Amino acid sequence: GQEDAARIACHELDKKTYTQPEIIALADKFVMLRADLTRNDDEKVKAFYKKFAAKGCPTLIWLRPDGTEIADLRGVGFEDKDVFLGKMKQALASK
């Protein structure tokens, strides 16, 4: 079901994207926060979905240092190294 697809996408991000040298090289310029959003009965998960209007898992949200979202960079599902790296560079340029 949807939970299985979300877990697969998360594992693919872990294995295929986050482990790439180019991603790792820029990662120290970011704070990565991760939450298990598959528990729809959890009030904190419901609050997250409401606050960020998340459409699925994984939802990749990019925030500026002031906490505002860089909406153009939002993604849902797996993103390969090139897409993710491009978003990292855009996020750094949009400060």
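Summarised in this report is the structure supplied together with it. (Residues numbered from 1 in each chain as written. Predicted model: local features only at pLDDT ≥ 70, side-chain atom pairs only at ≥ 80, totals over all residues. Heavy atoms only, no water.)

**Examining the overall build of the protein chain**
Step number 1: The number of helices and strands found in the protein chain is four helices and two strands.
Step number 2: Ordered by position from the N terminus, the helices and strands of the protein chain form the series α-α-α-β-β-α.
Step number 3: For a compact globule of 95 residues, the expected C-alpha radius of gyration is about 12 Å, and the protein chain comes in at 13 Å, within 12% of that figure.
Step number 4: Buried residues in the protein chain amount to 28% of all 95 residues.
Step number 5: Within the protein chain, contacts between residues at least 6 apart in sequence are counted, and of these 47% link residues at least 24 apart.
Step number 6: Total accessible area on the protein chain is roughly 6600 Å²; 55% of this is exposed by carbon and sulfur atoms.
Step number 7: Here the protein chain holds 17 positive side-chain charges and 16 negative ones, and the gap between their average locations is 3 Å. (Helix = DSSP H or I, 4+ residues; strand = E, 2+ residues; numbered from the N terminus. Rg over C-alpha atoms; globule rule 2.2 N^0.38 Å. Buried < 20%, exposed > 50% of the residue type's maximum accessible area, 1.4 Å probe, protein only. Contact = heavy atoms within 4.5 Å. Areas by Shrake-Rupley, 256 points an atom, 1.4 Å probe, with all protein chains shown as cover. Lys, Arg positive; Asp, Glu negative; His and termini not counted. Charge placed at Lys NZ, Arg CZ, Asp CG, Glu CD.)

**Quick notes on helix α4 (residues 81-93)**
Step number 1: Relative to the 18 Å expected for 13 residues at 1.5 Å per residue, α4 spans 18 Å between its end C-alpha atoms, a close match to the ideal helical length.
Step number 2: All of the buried residues in α4 are Phe84, Leu85, Lys87, Met88 and Ala91. Considered in projection along α4, the buried side chains sweep an arc of 160 degrees and stay on one side of the axis. Turned more than 90 degrees from where α4 packs its buried face, Asp82 and Ala93 sit exposed.
Step number 3: Backbone nitrogen of aspartate 82 and a side-chain oxygen of the N-cap are separated by 3.2 Å at the start of α4; the cap is aspartate 80. (Expected span 1.5 Å × (residues − 1). Arc of directions from axis to C-beta. Polar contact = N/O pair within 3.5 Å; in protein donor to acceptor, adjacent residues only side chain to side chain.)

**Some thoughts on the packing of aromatic side chains**
Each pair of aromatic rings is reported with the distance of its centres and the angle of its planes.
Step number 1: Tallying each qualifying case throughout the model produces four aromatic pairs.
Step number 2: On the numbers, 5.1 Å between centres and 50 degrees between planes, the contact of tryptophan 62 with phenylalanine 84 is tilted. One end of the pair, tryptophan 62, is in the loop between β1 (59-60) and β2 (75-76); the other, phenylalanine 84, is in helix α4, and 22 residues separate them in sequence.
Step number 3: Through a chain of ring-to-ring contacts, three or more aromatic side chains come together here, namely Tyr18, Phe30, Trp62 and Phe84. (Phe/Tyr/Trp six-rings, centres within 6.5 Å; stacked < 30°, edge-to-face > 60°.)

**Observations regarding the side chain of threonine 17**
Step number 1: With respect to the helices and strands, the residue threonine 17 is situated in helix α1 (residues 2-17).
Step number 2: Looking at threonine 17, its side chain comes within polar contact range of the main-chain oxygen of glutamate 79, at 2.6 Å.
Step number 3: Those residues in contact with threonine 17 that lie beyond four places of it in its chain are Glu12, Ile23, Phe78, Glu79, Asp80, Lys81 and Phe84.

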